[in-house]
Amino acid sequence: MILIVFDVDGTLVDSQHMIVAAQGEAFASVGLPAPSRERSLSVVGLSLPQAFTALVGADGPVAALSEAYKQAFGRLRARAEIRETLFPGAAALLARLNRELAVQLGIATGKSRRGVDHLLSLHGWEGWFATVQTADDAPSKPHPAMLEQAMAETGAAPAETIMIGDSTYDMVMARGAHVTALGVSWGYHTPDALRAAGAHAVMESFSELESALLARIAAA
C-alpha cells in the first residue's frame, strides 16, 4: 500500500482570495494594517497562531487575530462572496487515486477539522481519505507530527508515504518524517523555494503529478 497525503490550500484548493480577504478583516478588527498579498500568502500552511505570529510577532495580538480570522472566514464562506475553488485537475486526480486498491489517501493541512469536513462534504469526498490531519490534531507544520500520525493510523511506513504540497512547510515536514516530498508549482511558494526546502521533485501540472504517482504505484 502507498499512502499519498495531500495538503489542501494551494495544492488542491485555490483559496488565496478567501485567505487574503479574511486576513484583511482580521487585521482591521484589531486596528492594524493588513500585510501585503505576498506576505499573507507566505504563511499559508501554518496553523493560525503560528501564521499570525509570523506576521505580527510573538508580542502581537495573535489570539485576537486568530479568532477574528476564523469569524471572517466563516462569514465570507456563508455569503459565498468569494469562493474556494479546486485547481483544475484536482478532482479528477483524487477520483483516479481513490479507485486504486493499492493506495490510501490522506490529508495534512493547517485548516481546522471543521474546514476540512466542509471541503469533503462539498465535493463528495467523504470516506475517500484514510487519515485526515488538521490544525486541531497536531502541532503546526513544519513539525512532522501530522505525517507521523497519518502513518501510525494507516500502518504505512515512511518509504511507502508521499507528501504533496505547495509550501516549504510541507517539504520540511515531509523531510522530517522521512517520506517522499513532492512540491507543486501552482501554489503559494515558488518552485525554487520548494527545492531549497527539500522537495524531491516539483510537479508543474496535475497531469505530471498523476504520471509520477501512477509510476510509483506500479513500481510498488
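Our subject is the structure listed above.
A brief look at the structure comes next. Because the structure is a prediction, the values reported are computed rather than measured. (Residues numbered from 1 in each chain as written. Predicted model: local features only at pLDDT ≥ 70, side-chain atom pairs only at ≥ 80, totals over all residues. Heavy atoms only, no water.)

**Focus on the side chain of Ser66**
Alright, step 1. With respect to the helices, strands and loops of the structure, Ser66 is situated in helix H4 (residues 62-79).
Alright, step 2. Sequence-distant contacts of Ser66, defined by excluding residues within four places in its chain, comprise Leu48, Pro49 and Phe52. (Helix = DSSP H or I, 4+ residues; strand = E, 2+ residues; numbered from the N terminus. Contact = heavy atoms within 4.5 Å.)

**Focus on helix H6 (residues 113-123)**
Alright, step 1. Listing the buried residues of H6 in full gives Gly115, Val116, Leu119 and Leu120. Buried residues of H6, seen end-on, are gathered within an arc of 135 degrees and therefore sit on one face of the element. Exposed and facing more than 90 degrees away from the buried side of H6 are Arg114 and Leu122.
Alright, step 2. Along its buried surface, H6 packs onto strand E2 (13-14), H4, strand E4 (103-108) and strand E5 (129-133). (Buried < 20%, exposed > 50% of the residue type's maximum accessible area, 1.4 Å probe, protein only. Arc of directions from axis to C-beta.)

**Remarks on the side chain of Thr161**
Alright, step 1. As for its position among the elements, Thr161 is in strand E6 (residues 161-165).
Alright, step 2. A distance of 2.9 Å separates a polar side-chain atom of Thr161 from the backbone oxygen of Ala157.
Alright, step 3. In this structure Thr161 touches Leu3, Val5, Met151, Ala156, Val179, Thr180 and Arg216, once residues within four positions along its chain are discounted. (Polar contact = N/O pair within 3.5 Å; in protein donor to acceptor, adjacent residues only side chain to side chain.)

**Some points on unusual backbone geometry**
Alright, step 1. Here the amide bond leading from Lys141 into Pro142 is cis, since omega sits at 10 degrees, within 30 degrees of zero.
Alright, step 2. Of note, Pro142 is situated in the loop between E5 and helix H7 (145-154).
Alright, step 3. The backbone of His178 shows a phi angle near 65 degrees, a positive value even though the residue is not glycine.
Alright, step 4. Topologically, His178 is positioned in the loop between helix H8 (168-176) and strand E7 (180-184).
Alright, step 5. Exposure remark for His178: the relative accessible area of 63% places this residue in the exposed category.

**Observations regarding the packing of helix H5 (residues 90-98) against helix H10 (residues 206-219)**
Alright, step 1. Orientation of H5 relative to H10, taken along the N-to-C sense of each, is 10 degrees, at an axis distance of 10 Å. If you check the angle between H5 and H10, you find them roughly parallel. As for the relative orientation of H5 and H10, their crossing is right-handed in sense. Mapping the contact onto sequence places Ala90, Leu93, Arg96 and Leu97 in H5 and Phe206, Leu209, Glu210, Leu213, Leu214 and Ile217 in H10.
Alright, step 2. Looking at the contact of H5 with H10, its residues break down into 8 nonpolar, no polar and 2 charged. (Axes fitted to C-alpha atoms, helices over the stretch in contact; angles between N-to-C directions. Parallel < 35°, antiparallel > 145°, perpendicular 65-115°, else oblique. Left-handed = near helix turned anticlockwise from the far one by under 90°. Nonpolar A, V, L, I, M, F, W, Y, C, P; charged D, E, K, R; others polar.)

**Concerning the pattern of salt bridges**
Alright, step 1. Counted by the stated rule, this structure contains 10 salt bridges.
Alright, step 2. Residues Glu100 and Arg96 are paired through a salt bridge, measuring 2.5 Å at the closest nitrogen-oxygen approach.
Alright, step 3. Exposure remark for Arg96: the relative accessible area of 25% places this residue in the partly exposed category.
Alright, step 4. Across the pair Asp192 and Arg195 runs a salt bridge, and its minimum N-O distance is 3.4 Å. Remark: Arg195 and Asp192 occur in helix H9 (residues 191-196); sequence separation between them is 3 residues, near one turn of the helix.
Alright, step 5. When its relative accessible area of 58% is taken as the criterion, Asp192 is described as exposed. (Salt bridge = Lys/Arg side-chain N within 4 Å of Asp/Glu carboxyl O.)

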